[in-house]
Amino acid sequence: MEQRIIVVKKNVMGAQEHGKLQPLMYADGTPIENLYYDFPNRGDIFVPVGFSDIPEEPIEISVQENKHYRGTTEPHHSKYLYHSSCELQSTAGRVFDVIPVTAFPKGQHDLYLDLPFYPTLYFFLQRRDTAEIWGPFKRGECKFQEEKWRTAIIMPSSSEAIAGQCPLLSERLVGAFHESELPPGAVQVATKLRDFQLEYDERKFIFNFPAVADLINSDPDRYYVDLMADHDIVTWLTSAMRKQAELTREDVQRLRQMVIDLGELGTQFELPETVIRTRIERAVDYLQSVEEAQDAISGFFQDNFSHFLHSEVGQKALDDFVRTKREDIMADLLDQVLEKEEQAIAETRRKLGQEIADLEGRKANLQKELAHLAEQAEKAKQQTTAERVEAASAELENLKQEIAQKRAELDRLQEHVKMALDFQALKAEIEGLKEDREYVYQAVEELKRTRESLEEEFSQSERRLRDKLLTQKLYLDTLSGVAPQATLPQLSKGFAIPPRTEEMDITYILKSIQAHFEAQGRDVTLSQVANYLISILQNRLTIFVGYPGVGKTSTIQLLAEALGMCQPDAERLLKVSVGRGWVSSRDLIGYHNPLTDAFQPAPTGMYYALKALHSEENSGEPKAPLWVLLDEVNLSPVEHYWSDFMTTTDSVQGSIRCGTETLAFDHALRFIGTANYDETTEPLSPRVISRANIIYVEPPEARTFRYEESASPASPGRVFTLDQLRPLWDVRPEHTEGEQIVVNRLVTILQGTAEDSSSVGPITVVDPRVRKSMAMYCAAARDIMRPELGEFGALDFAVAQRVLPQCRGTGQGYARRLEQVRDLCHSKGLTRSVDTLDRILARGKLYQSYDFFGL
């Protein structure tokens, strides 16, 4: 049983890492009525480890019931135990200490409390004689001195959450009320803390601060007290009046009068009226005392200072003062000069204003004269000759005709504009209908795929039921003594092919493979050939994905032929068609038949491939690759039927238990899968994607097929060995400095979070296995691909085949994360990765679902 309670550190037991916690109350504020029943270990909670990591202030923790508790009071056998893994939750803003004092602070600074305990972050003070409560105050610096906590008292700032409930706290006002004015349950008393040696028997807390806030905010004039000092009031007033001035004698007189006038303004600063008037009265008294002090000081200086300055000592002191304060004196003189200049400028501005006013008057007079002249000109127009009137009439007629022509042209233009608007509306409607049609097409296709999936599932279910009946019949026949002797399936070809022993450069090998592809009508670059071989040789599992018919299986067949792995009487490319419903390794390798007490190999031939590799291990012959082609690899979950090989993806050696024998294999064994994505297949799980190299085969725009009889060279009669291909797989995993910078930035974008989690969507983890695989790939492919693809050509393949297949997320936020990755790849020239990201973003736009495998 788990309990959430509020506790405080009590004392250390022997070492600093274990000690005792004192329960105060339950987390919801309920008092602990029977402390020694709920916590029978003398009312304490034993902390076995991590005691020094627990804060000194009251905190909320979880404790669990000790399963080994037997009713003893030994510290290590208490009923409830604290676990260091539990969540420690702060009580700041929820639980407030109520600390008894003899007097309240008022208008003072640098106040401290000497307490025998570490108080809560916010706390209240309560006078012992009147029981009145003031607060909340905030805990300042807290130091442990002479077996006591010396705690500074400060005021909460306006940026803290508590000031949001009581805004006047930032104005050095605190609440003042009696405990009886709070609702029941707002104040709770913890159990007796007998080992704290307090001056009082019980520690008191306010647990319902919203009730306190509602009380003091209901009547600020009644429930708030002012803690502002006299000299701070002047600062407050000057700030409120938006004026800064030093308190010279003349300024004091002016400020005193302004303060008196301000007393008539009332509540313009949104403070309680009583507080404002009280502050103004204190400010008047303070300023009056400042004025009287200045009068006394002025009289003293007039009587004594003049005589002192004429003495030798005074002259020397004056010289020293002028020398040390030269910059300040010059600054004051400069201020005086600037002040005089500003006065002169102000006077000049006044004169200029007067001159401008005079000019405005003259301007008005001139306007009147112009109006008079215009009136005379109008009279002169009326006296023009008949010829001028006739000419003007003719010109007016011409203008009317031109206006009519322009209006007709305008009507034509408006008609064109209307037609254009109608065309735009019609175009938008057509686009909307296209989108609706596309949606309907997709829905129809979805229904078709669903129907095909159901039909395929029904067919598979029927096939599995028939196979199960046949298996049961075999068992029944065996038990009845009529079963035939088990026969092992045999392969039509063996695996033994003579190896090539001559030394040859890896570039020569790659070019010979490229020539074999081209002879078969497949145009591939040297970088593509290197990518195929490096991906297969460096990974236990490589998966080719793409649309049906793009050449996934034929690519693997051509690679094997070019390496000499396919001969008339032997073949080191084992083709396995994955069946739907495979659930374990027995479907791929075989199983131990308990009736015959013998291992029954699966018809895939995988068992014989493992036996061949096992026998080659001790033959001393050069080792050659042996590939297993898993056609339609995702018709069944890969991690189920391929589970025996999952643990060997990060190692060179491996072994499989087949009945009573253990078959070992090494780097020669590679698995290559081909995958389509539709409703009849299973999605690849993240743990499979993390262990496999995913090669996306794009639909070819055009391919050249040769029909000549002797166009293609013959496949080599011997197979290439792993030693000859070693530069492609046996390398040290490392990046160049430029590649490492790009990888670090890529990981930051995919795994980084924002303050608003919706802005960039879910993260995509790039685990250490993937990073190591990328570094090994780049180390092998970098020099081969650099002449054709540039500095980051190898990294482009690694990102597209190891990182981007793990990208899977939904929402516009995840689209923005992928766009950031695309911008990074585009800036570094990773064109293959940019094309892949464009494909993911384009296909996921409709449903806001982005997946590498959304083919």
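Residues numbered from 1 in each chain as written. Predicted model: local features only at pLDDT ≥ 70, side-chain atom pairs only at ≥ 80, totals over all residues. Heavy atoms only, no water.

Colleague: Even after reading the chapter, I still don't get the pairing of strand β10 (residues 132-145), so can you show me in this structure?
Modeller: Each regular strand shows side chains that alternate between the opposite faces of the sheet. With four bridges connecting them, strand β9 (residues 122-127) and β10 associate as antiparallel partners. Pairing of Tyr122 across the sheet is with Lys138, part of β10. In textbook terms, the turn of a hairpin is the stretch between consecutive antiparallel strands, and for β9 and β10 this stretch comprises four residues, one of which, Ala131, has a positive phi near 65 degrees. Inspection of the sheet shows β10 paired to strand β12 (residues 173-178) by four bridges, in the antiparallel sense. Looking at the pairing, Gly135 lines up with Gly175 of β12. (Pairing = 2+ DSSP bridges. Helix = DSSP H or I, 4+ residues; strand = E, 2+ residues; numbered from the N terminus.)

Colleague: Help me out: how do you make sense of the sheet that holds strand β23 (residues 669-675) in this one?
Modeller: Within a sheet, neighbouring strands are paired by backbone hydrogen bonds and run either parallel or antiparallel to one another. Strand order in the open sheet formed by five strands is β17-β20-β23-β16-β24, and the pairing between neighbours is parallel. The sheet is open, and its two edges are formed by β17 (573-577) and β24 (692-696), each paired on a single side. Along the sheet, successive strands turn relative to each other by an average axial angle of 20 degrees, direction set aside. Note that β17 and strand β20 (residues 626-631) share five bridges and pair parallel. Of the residues in β20, the one forming a bridge with Lys575 is Leu629. (Axes fitted to C-alpha atoms, helices over the stretch in contact; angles between N-to-C directions.)

Colleague: What exactly am I supposed to notice about unusual backbone geometry here?
Modeller: Residues other than glycine predominantly adopt negative phi, and peptide bonds predominantly adopt the trans conformation. Cis geometry marks the peptide bond from Gly135 to Pro136; its omega dihedral reads 5 degrees. Following the sequence through the fold, Pro136 ends up in strand β10. In this model, Glu632 sits at a positive phi of 55 degrees, which is unusual for a non-glycine residue. Note on placement: Glu632 falls in the loop between β20 and α15 (638-641).

Colleague: Quick question: what am I supposed to make of the side chain of Thr648 here?
Modeller: With respect to the helices, strands and loops of the structure, Thr648 is situated in the loop between α16 (643-646) and β21 (654-658). Looking at Thr648, its side chain comes within polar contact range of the side chain of Arg540, at 3.5 Å. At 2.8 Å, the side chain of Thr648 forms a polar contact with the backbone oxygen of Phe645. (Polar contact = N/O pair within 3.5 Å; in protein donor to acceptor, adjacent residues only side chain to side chain.)

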